[in-house]
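Analysis of the macromolecular model
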Amino acid sequence: MTGPLHADAARLRAQLLELAGNLWWSWGIDGSSIFHALDPERFETSGHDPHAVIAGLDDARLVRRVDDQGLAGRLDEAVDALRAYLADPGTWGHAHAGRLHAAPIAYFSAEFGLHESLPIYSGGLGVLAGDHLKSASDRGLPLVGVGLLYREGYFRQTLNAEGWQEQSYPVLEPEAKAIRRVEVAGAPLEVAVETQTGTLHAAVWEVAVGRVRLFLLDSDVPANAEADRSLTHRLYGGDERMRIRQELLLGVGGLRALRAAGIRPGVLHLNEGHSAFAALEAAAQHIEREGMTLSEAIEEVASRTLFTTHTPVPAGHDRFHEDLLVEHLLPIAKRLGVDARGLMAFGRVHPDSDDETFCMTVLALKLSQRVNGVSYLHGRVSREMWHRLWPERPLHEVPIGHVTNGVHLPTFCAPRMAHLLDATLPEGWREAQSEPETWAPIRKVDDGALWAVRQGLKRDVVHEVRRRAVAQARRRGEDPSVQRALESALDEDALLVGFARRFATYKRASLVLEDLDVLDALVNDPKHPMRFVFAGKAHPKDDGGKRLLQTVFRASRDPRFLGKVVLLEGYDLGLGRALTRGVDVWLNNPRRPLEASGTSGQKAVLNGALNCSILDGWWEEGFDGENGFAIGGGEVHRDVALQDQRDQEDLVRVLREEVAPLYYRRDASGRPTAWLARVKRAMATLSWRFVADRMVRDYAVGGYFPAGGVQLTEAR
Ligand SMILES: *Cc1c(COP(=O)(O)O)cnc(C)c1O
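Note that the structure is predicted; figures quoted are calculated from it, not measured.

With respect to the domain arrangement of the protein
Partitioning the protein into structural domains gives domain 1 (3-87), domain 2 (98-405) and domain 3 (409-690). Between domain 2 and domain 3, the C-alpha centre-to-centre distance is 33 Å. On the domain 3 side, the residues contacting the 39 residues of domain 2 number 42 residues. The junction of domain 2 with domain 3 conceals about 3,200 Å² of combined surface from both sides, 56% of it contributed by carbon and sulfur atoms. Our count for the domain 2 to domain 3 interface comes out at one salt bridge. Between R577 and E116 there is a salt bridge; the shortest N-O distance is 2.8 Å. On inspection of domain 2 and its partner domain 3, the count reaches 20 residue pairs in polar contact (both at pLDDT 80 or more). Listing elements by their share of the side of domain 2 that touches domain 3, those giving two or more residues are helix 8 (124-139), strand 3 (156-159), strand 4 (165-168) and helix 16 (376-385). Sort the elements by how many residues they give to the side of domain 2 that touches domain 3 and helix 8 lands first, with five residues.

Overview of the sheet that holds strand 22 (residues 629-631)
Judged by pairing direction, the sheet is parallel, and its six strands sit side by side in the order 19-18-17-20-21-22 without closing on themselves. At either end of the open sheet lies a strand with only one pairing partner, and these are strand 19 (565-568) and strand 22. Neighbour-to-neighbour, the strand axes of this sheet turn through a mean angle of 20 degrees, independent of strand direction. Running at roughly 120 degrees to strand 18 (residues 530-535), helix 22 (residues 516-523) makes contact with strand 18 and strand 19 of the sheet.

Description of the nonpolar core
Counting 137 residues, the largest nonpolar core has F277, L280, W386 and Y704 as its most contacted members. Taken domain by domain, this core gets at least three of its residues from each of domain 1 (3-87) and domain 2 (98-405). Those residues in contact with W386 that sit more than four places away from it in its chain are H317, V349, C359, T361, V362, L365 and I400. Core analysis: the next-biggest nonpolar cluster, separate from the first, contains 76 residues, V407, W429, V445 and Y663 among them.

Topic: helix 20 (residues 447-476)
Compared with the 44 Å implied by 1.5 Å per residue over 30 residues, the 43 Å span of helix 20 between its first and last C-alpha is a close match. Of all 30 residues in helix 20, 21 are buried; the element is thus mostly enclosed. The positive-phi residue at the C-terminal boundary of helix 20 is G477, with phi of around 70 degrees.

Some words on the site of the ligand
Taken together, G123, G124, V127, R501, K507, Y571, D572, L573, G598, T599, S600 and K603 are the residues near the ligand. Between the ligand and the protein, one listed contact pairs an oxygen atom with a side-chain N or O atom of K507 at 2.6 Å. Here Y571 contributes a side-chain N or O atom positioned 3.4 Å from a nitrogen atom of the ligand. Calculation on the ligand without its partners gives an accessible area of 380 Å², and the protein chains cover 97% of this total. Every element with two or more residues in the shell around the ligand is listed here: helix 8 and helix 25 (600-605). Its residues assigned to classes, the shell around the ligand shows three nonpolar, five polar and four charged. Mapped onto the domain boundaries, the shell around the ligand takes at least three residues apiece from domain 2 (98-405) and domain 3 (409-690).

Quick notes on the packing of aromatic side chains
Under the counting rule described, the total for this entry stands at 18 aromatic pairs. Residue placement shows R501 over the ring face of F499; its charged tip is 4.5 Å from the ring centre. The ring of Y663 carries R666 above its face, with NZ or CZ at 4.9 Å from the centroid.

Let's talk about the packing of helix 20 against helix 24 (residues 573-582)
Where helix 20 meets helix 24, the axes come as close as 8 Å, and the angle between the chain directions of the two elements is 140 degrees. Our classification of the angle between helix 20 and helix 24 gives oblique. By crossing handedness, the relation of helix 20 to helix 24 is classed as left-handed. Between helix 20, through R454, L457, K458, V461, E464, V465 and R468, and helix 24, the contact on the second element is made entirely by L575, A578, L579, R581 and G582. Residue composition of the contact of helix 20 with helix 24, by class: six nonpolar, one polar and five charged.

How each quantity is defined
Residues numbered from 1 in each chain as written. Predicted model: local features only at pLDDT ≥ 70, side-chain atom pairs only at ≥ 80, totals over all residues. Heavy atoms only, no water. Domains from an automatic or database assignment. Contact = heavy atoms within 4.5 Å. Buried area = accessible area lost by both parts, 1.4 Å probe. Salt bridge = Lys/Arg side-chain N within 4 Å of Asp/Glu carboxyl O. Polar contact = N/O pair within 3.5 Å; in protein donor to acceptor, adjacent residues only side chain to side chain. Helix = DSSP H or I, 4+ residues; strand = E, 2+ residues; numbered from the N terminus. Pairing = 2+ DSSP bridges. Axes fitted to C-alpha atoms, helices over the stretch in contact; angles between N-to-C directions. Core = buried A, V, L, I, M, F, W, Y, C linked by side-chain atoms within 4.5 Å. Buried < 20%, exposed > 50% of the residue type's maximum accessible area, 1.4 Å probe, protein only. Expected span 1.5 Å × (residues − 1). Near = heavy atom within 4 Å. Areas by Shrake-Rupley, 256 points an atom, 1.4 Å probe, with all protein chains shown as cover. Nonpolar A, V, L, I, M, F, W, Y, C, P; charged D, E, K, R; others polar. Phe/Tyr/Trp six-rings, centres within 6.5 Å; stacked < 30°, edge-to-face > 60°. Lys NZ or Arg CZ within 6 Å of the ring centre and 35° of its normal. Parallel < 35°, antiparallel > 145°, perpendicular 65-115°, else oblique. Left-handed = near helix turned anticlockwise from the far one by under 90°.

Next comes the structure, spelled out in structure tokens:
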């Protein structure tokens, strides 16, 4: 090998590693296209992992690919842009977050959905947390994330030839990703949490999410007993004992990790109750370090803690039996000066009821002064559910509000659409994305330009669906005729409806397939044909969810629907992004009011797709009659079977009588003018409200700043 080649390669490799070392590559620039261009095959087979691409290129090939693809200039620009982003002194957070810069917000979550190459999330809760970090970074808010490093992550999904879900758990090697050990005084950081039956240890890693640091705890260290090394291997696996040990590491270990790294959080934000032990640990620290009494410490912690609840059903809240709680929390109880009974009282609605298990949500409610649900409707449902904790107050005075979820625009808005927005919206629109005026010009955008973008996005998704569907059928060893049909699956000229989310039963994935003759009439309507694409994972222990998958799979192999109703396996952030960008209609039919917010439909909005949804979660407040489609009128029936039947009937009616006719009504140039008008209205009325930028600013202004003692000098 010659010297200059080697020097070139070393420089390029350093640039690529700098870029891949911060997840900003996945949203701040079109980083995917760079890593894809370097090695398309490896980028795809590795699940879009830039480190796999970099590691797979030897020096000679690296230099050649950069030359062939003309990437040198783009790489220089990308690295410069990353450095400029990280160094920018002019952010909103810089101007407004005051003392929080010295004492940041600590955001705790059991999962973070940042990118498909980092599978430490299972669904919406994680994606929300990932979007929260990214938007906090974009805004320059001083915030650190705390989570767990799941080395086996959430599972990889395949469907067998019968359409039954199978799980596998590829092992994540942190060293091979953008994950670094946190070091303190030159030594890798490890934290310990003592229990009644031994001490748990965890290594502390960190991921750079733009300007935000995400700390991840990992129990797979030699200091742990063999059985505890696998504690954090899997997300939502294991039994109750495993869960409490994970949650102990997350909350208590997480807070200790921050302190050990020299971070004294000024505000705690608990994203769901899993991490609520952090608040008990914080109280114990106040007692020890500042000599507070228990009630002073609790009050101090509560004044600085925000709790976001996500679960609209009582059964969905994390609960632990007394023996497990005592085994794991008694050391903290002692520091708080309470006995086992006093400890249990933190997690009981009625402190004296001995048969009540310990509820993490109750703990979080008692130790947070600021509590919110994740949509207007969910706030109301949560007030009703927890009224028992404040029995003396009228319902509307139960101290639970709402901050409606939003999605991270740079992650989910496709480059094609972003270019149109660049040409249409005022300069600086990204910084002003949560202001309604910013989006007003979209109402006047040229139909031809908008339609061209929409059709381009649809072509992209149709190709992606075909590619995946064919590969999956081949792997399953399905009949060549099936593979051939999938090679030309879907149709760029037919109305395309998408449905992708976790296959939890309340989301009713198979609702539109309840009656296959009715579906046949929709799909094979000669004038108004319709195509469907589905994806989603069922929890490994949820046979009900797996049966829904199988129902969809079987329909997709029915000769009437082959290539017209497609089910893709392997739902993850990447597939979710692709589908929400390209379909015409995003379908959402949960059993009201069980979808606390839902966010996938918000991703669709940013790409000009229309939502067709039950009036639940965010859609209840987003729908205005003309910016999408509503299924039902928000009714809830006591009889679940009746509710399902009514919703199914109305869903079919809306698709047949409202959605399809509007889509197929064309002007002289072949464009669906009325449809496009609705798309524009959707973007103008929904985009600014349901982005994570708006959400994070709501949390900051309404929660973080007052909790952290920051005066907001300039109203936003
Ligand atoms: C956006 C997203 C979700 C959330 O979808 P809902 O429709 O809100 O349930 C779940 N999983 C992935 C991978 C996502 O990208």
